[in-house]
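Residue-level structure breakdown
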Amino acid sequence: MKIKESFKYSLQFPGIALAVGIVLRICFLVPFIGPVIGTLITAVTVSIVMFEQANLQQTEGSWREELV
């Protein structure tokens, strides 16, 4: 997804976005290593959670939501 598409899609899951944002904000309080580790942890976490929650499938260069 492009950044604009990702932002619009994340608005459908405000709880997930808020929780990850809070964790990242707390990680930023740790000097030097916090921003690096926090960014990695939250990126992986969001990828896993959105894969499980959203059921997105990429077909022919575009994203679609799979109905379960």
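Residues numbered from 1 in each chain as written. Predicted model: local features only at pLDDT ≥ 70, side-chain atom pairs only at ≥ 80, totals over all residues. Heavy atoms only, no water.

A short note on the overall build of the chain
- On a plain count of helices and strands, the chain comes out with three helices and two strands.
- Counting the 68 residues in the chain, one finds 13% classified as buried.
- Pairs at least 24 apart in sequence give 39% of the contacts found in the chain among residues at least 6 apart.
- In the form shown here, the chain has an accessible surface area of approximately 5700 Å², with 69% of it arising from carbon and sulfur atoms. (Helix = DSSP H or I, 4+ residues; strand = E, 2+ residues; numbered from the N terminus. Buried < 20%, exposed > 50% of the residue type's maximum accessible area, 1.4 Å probe, protein only. Contact = heavy atoms within 4.5 Å. Areas by Shrake-Rupley, 256 points an atom, 1.4 Å probe, with all protein chains shown as cover.)

Considerations on the side chain of threonine 42
- Tracing the chain through its elements places threonine 42 in helix α3 (residues 33-54).
- A polar side-chain atom of threonine 42 sits 2.8 Å from the main-chain carbonyl oxygen of glycine 38.
- Setting aside anything within four residues of it in sequence, one finds threonine 42 in contact with Val20, Val23 and Leu24. (Polar contact = N/O pair within 3.5 Å; in protein donor to acceptor, adjacent residues only side chain to side chain.)

Let's talk about the confidence of the model for the chain
- Averaged over all residues, the pLDDT of the chain is 81; the fraction at 70 or higher stands at 76%.
- Confidence, expressed as mean pLDDT per element, reaches its minimum in the chain at strand β2 (residues 62-65) with 58 and its maximum at helix α2 (residues 14-27) with 91. (pLDDT = per-residue confidence, 0-100.)

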